[in-house]
Amino acid sequence: METVVFYIFAALSVAGALLVITYNNPVSSAVSLVLTLFSTAVLFVLLLAHFVAAIQILVYAGAIMILFLFTVMFLNLHPEALRFDARNMAFKVSIFLVVLLFTGYFAAMGFNKAFPGGGAPSPSPEGFGTVEGVGRLLFTGYLLPFELTSVLILAAIIGVVAIAKRRES
Amino acid sequence: MVWVELGITLVKIALLFFVVLTLVAYLTLAERRVSAFMQDRLGPNRVGPFGFLQPLADGVKFIFKEDLIPSHVNKPFFIAAPAFALVTALIALAVVPIGKGFETTLFGLLSAPIFVKLQIADLNVGILYVLAIGSLSVYGVVLGGWASNSKYSFLGGLRGAAQMISYELAMGLSIIGVIAWTGSLRLEDIIEAQSKCWFAIPQILGCIVFVAAAFAETNRLPFDMPEAEPEIVAGYHTEYSSMKFAMFFMAEYTHMIVVSCLVVALFFGGWYPLPFGGWFGIDIDKYWFLPPIVFIGKVLAFLFFFIWVRFTLPRFRYDQVMNLGWKVLFPIAVANLIIVSIAILVLQNYGYLKA
């Protein structure tokens, strides 16, 4: 049962991710990304990390993607301008980078380690993905990154206010 | 045993669907009758006694109306948007506990009695689940407005997105006080924590913010910016007809039921009948049907409150809506959080609340 659910939503998340980069229409791309985020949230539920799953949907699918969609709709992009072109320089560079990344990955890990097959999965640690577990990690082991992120967000908020004020005058 | 539990869950889902959709149908009638009463009219009273068959007639009419899909729309999203709106509203109800539950052997079919909870899914992050699903419901409005490819629909969709995101913040912040007090995100734990005193009394500020934000989240008057008739025709569902329009309509009423359940569970004691004193010694494990009656009664009272407010207050202007959300409700929610945090510390210090 769980395996079936896993394969369905793993496939959906990969399909959604592929659709994000293949659609010409930016709104369709954004909605595909929502599908990916939702499917990943289901995978978190299968790991019994309900809190992470709920936050994933609440923050990413529910808030950030709405703002994305909002902006994309305002920009009114023309699908023709976004048409795929294989002669594009950016495309060639990204193909090169992907090849480089995967070669480096396999060279560093070795084939067997890169694709660990079979065997029972290691059990998730106590309190994995629960409110208590995440909270404890955030305020002990990862306190510094957490605070730094807060400072970054604060800086972004101040930047937004500054830009909005300048327009006004 | 697994199959029995699965069967019971399926029965509960079917029952919830039936009850909620019937309630939605009768809410439309209630809205028209109550508004008529408030405006000294009669309202629809021709179909059946007191107009009780009117929702049925409306349903038949909706189904048999021509289902227009204008040629200029983005067809996949145009069709998906109303479904998305209705589904997200419906599945949010899965974690609402209307009572504790009861033990049964299914009329002697089972050897050992099993405990049936009056709730479909008992999630330990229940309240976050409702908020998460609620935040997804914006897509129905936004995509519906965008896919219609008309100026008024688009304006309605964008207004809906901006408004719902703004008020989601105030709403989320207003319930942190409740969560901090309870120390749990499970709705059942939150209700149990109110056995001595409803949260509406110590957290009156949070309660006010939550109710105001709830009106905005459901796009009900005085916050119905996305579909303000005098300004943008009918907003995001201007281009919709027949059952697709009805689905948007049903989504709005289902959303009302969801937020009413939330207000009752978070601030008005859930299944506890009076603000103080719990059940006065009545054994609710034995009389298990009493809590659902109290809970549903309160929800119905709040649904009436929604209708009452709609026909009492005029619509806000758009900038007033934004100002109210960001400059009034948000600071009040922060103030509520600070007051409640201090209160929790004081109560814990004197041993009235478990640390």
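Worth saying up front: this structure is predicted, and the values here are computed from it rather than measured. (Residues numbered from 1 in each chain as written. Chains lettered and ligands numbered in written order. Predicted model: local features only at pLDDT ≥ 70, side-chain atom pairs only at ≥ 80, totals over all residues. Heavy atoms only, no water.)

A short note on the overall build of chain A
Next up, step 1: Across its full length, chain A carries seven helices and zero strands.
Next up, step 2: When the helices and strands of chain A are read in sequence order from the N terminus, they spell out α-α-α-α-α-α-α.
Next up, step 3: Within chain A, buried positions represent 20% of all 169 residues.
Next up, step 4: In chain A, the share of contacts with a sequence separation of at least 24, taken over all contacts with a separation of at least 6, comes to 55%.
Next up, step 5: For chain A, the accessible area works out to roughly 12400 Å², and carbon and sulfur atoms hold 74% of it. (Helix = DSSP H or I, 4+ residues; strand = E, 2+ residues; numbered from the N terminus. Buried < 20%, exposed > 50% of the residue type's maximum accessible area, 1.4 Å probe, protein only. Contact = heavy atoms within 4.5 Å. Areas by Shrake-Rupley, 256 points an atom, 1.4 Å probe, with all protein chains shown as cover.)

Here's the deal with the interface of chain A and chain B
Next up, step 1: Taken together, the contact pairs 23 residues of chain A with 21 residues of chain B.
Next up, step 2: In this assembly, chain A packs against chain B so that about 1900 Å² is buried in total across both faces, 84% of it on carbon and sulfur atoms.
Next up, step 3: Among the residues chain A hides against chain B, the three largest losses belong to A:L58, A:I66 and A:M73. Together they make up 29% of the total.
Next up, step 4: Seen at the junction of chain A and chain B, the total is zero salt bridges.
Next up, step 5: The interface formed by chain A and chain B includes one residue pair in polar contact (both at pLDDT 80 or more).
Next up, step 6: Here the side of chain A that touches chain B is composed, by residue class, of 19 nonpolar, four polar and no charged. (Buried area = accessible area lost by both parts, 1.4 Å probe. Salt bridge = Lys/Arg side-chain N within 4 Å of Asp/Glu carboxyl O. Polar contact = N/O pair within 3.5 Å; in protein donor to acceptor, adjacent residues only side chain to side chain. Nonpolar A, V, L, I, M, F, W, Y, C, P; charged D, E, K, R; others polar.)

Some remarks on unusual backbone geometry
What is expected of a backbone is that most residues other than glycine have negative phi and most peptide bonds are trans.
All names here are of chain B.
Next up, step 1: In this model, D40 sits at a positive phi of 60°, which is unusual for a non-glycine residue.
Next up, step 2: Turning to its location among the elements, D40 is positioned in the loop between α1 (2–38) and α2 (54–64).
Next up, step 3: Using a relative accessible area of 74% as the deciding quantity, one classes D40 as exposed.
Next up, step 4: The phi dihedral of N149 is positive, around 55°, even though this residue is not glycine.
Next up, step 5: Turning to its location among the elements, N149 is positioned in the loop between α5 (138–147) and α6 (151–182).

Notes on the confidence of the model for chain B
Residues and elements named next belong to chain B.
Next up, step 1: Looking at chain B as a whole, the pLDDT averages 84, with 99% of positions reaching at least 70.
Next up, step 2: Per-residue pLDDT, averaged within each element of chain B, yields its smallest value for helix α9 (residues 229–232) (71) and its largest for helix α8 (residues 204–217) (89).
Next up, step 3: Among the prediction metrics, the complex's ipTM stands at 0.78, with pTM recorded as 0.84. (pLDDT = per-residue confidence, 0-100.)

Concerning the packing of helix α3 (residues 50–75) of chain A against helix α4 (residues 126–136) of chain B
Next up, step 1: Where α3(A) meets α4(B), the closest approach of the two axes is 9 Å, and the angle between their N-to-C directions is 25°. On the basis of their axis angle, the class for α3(A) and α4(B) is roughly parallel. Note on packing geometry: the crossing formed by α3(A) with α4(B) is left-handed. Contacts between α3(A) and α4(B) involve A:F51, A:A54, A:I55, A:I57, A:L58, A:A61 and A:G62 from the former and B:L128, B:L131, B:A132, B:S135 and B:L136 from the latter.
Next up, step 2: Here the contact of α3(A) with α4(B) is composed, by residue class, of 10 nonpolar, two polar and no charged. (Axes fitted to C-alpha atoms, helices over the stretch in contact; angles between N-to-C directions. Parallel < 35°, antiparallel > 145°, perpendicular 65-115°, else oblique. Left-handed = near helix turned anticlockwise from the far one by under 90°.)

Notes on the pairing of strand β2 (residues 114–118) of chain B
All names here are of chain B.
Next up, step 1: Of the two faces of β2, only one is covered, namely that formed by I114, V116 and L118; the face formed by F115 and K117 stays uncovered.
Next up, step 2: Where strand β1 (residues 99–104) lies against β2, four bridges are found, and the strand directions are antiparallel. Paired with F102 across the two strands is V116, which belongs to β2. (Pairing = 2+ DSSP bridges.)

Concerning helix α4 (residues 89–109) of chain A
Note that an α-helix has 3.6 residues per turn; residues three or four places apart therefore point the same way.
Next up, step 1: Between its terminal C-alpha atoms α4(A) stretches 30 Å, which fits the 30 Å expected from 21 residues at 1.5 Å a residue.
Next up, step 2: Where α4(A) terminates, the next one or two residues include A:G110, which has phi positive at roughly 80°. (Expected span 1.5 Å × (residues − 1).)

Points about the nonpolar core
Residue and element names in this part refer to chain B.
Next up, step 1: If you look at the biggest cluster of nonpolar residues, it comprises 114 residues, and the most contacted ones within it are L266 and F267.
Next up, step 2: A total of 14 residues in this core trace back to one element, the largest contributor, which is helix α10 (residues 242–267).
Next up, step 3: If near-sequence neighbours (up to four positions away) are discounted, L266 is found in contact with I127, I175, V178, L187, I190, Q194, F199 and F210.
Next up, step 4: Counting residues in each nonpolar core, the second largest holds six residues, with F102, L110, I114 and L118 among its members. (Core = buried A, V, L, I, M, F, W, Y, C linked by side-chain atoms within 4.5 Å.)

Focus: the pattern of salt bridges
All names here are of chain B.
Next up, step 1: Scanning the model with the defined rule gives seven salt bridges over all chains in all.
Next up, step 2: Linking E31 and R310 is a salt bridge whose minimum nitrogen-to-oxygen distance equals 3.1 Å. Taken as a pair, E31 in helix α1 and R310 in helix α11 (residues 290–310) lie far apart in primary sequence, 279 residues in all.
Next up, step 3: Across the salt bridge formed by D67 and K244, the nearest N and O atoms sit 2.8 Å from each other. Residue D67 is located in the loop between α2 and α3 (75–91), and its partner K244 is located in helix α10; the two are separated by 177 residues in the primary sequence.
Next up, step 4: A relative accessible area of 40% means that D67 is categorised as partly exposed.
Next up, step 5: Taken together, the shared-partner salt bridges connect D122, R186, E188 and D189 into one network.

Overview of the packing of α8(B) against α10(B)
All names here are of chain B.
Next up, step 1: The contact between α8 and α10 brings their axes to 10 Å, and the two run at 170°. Comparing the axis directions of α8 and α10 gives the class roughly antiparallel. Between α8 and α10, the residues in contact are G206, C207, F210, V211, A214 and E217 and H255, V259, L262, V263, L266 and F267, respectively.
Next up, step 2: Within the contact of α8 with α10, the residues separate by chemical class into nine nonpolar, two polar and one charged.

Quick look at the packing of aromatic side chains
Residue and element names in this part refer to chain B.
Next up, step 1: Throughout the structure, instances matching the rule amount to 22 aromatic pairs over all chains.
Next up, step 2: Their ring planes at 55° and their centres at 6.2 Å tell us that Y26 and F52 sit as a pair that is tilted. Of this pair, Y26 sits in helix α1 while F52 sits in the loop between α1 and α2, placing them 26 residues apart in sequence.
Next up, step 3: A centroid spacing of 5.8 Å and a plane angle of 70° characterise the contact between F77 and W146, whose relative ring orientation is edge-to-face. (Phe/Tyr/Trp six-rings, centres within 6.5 Å; stacked < 30°, edge-to-face > 60°.)

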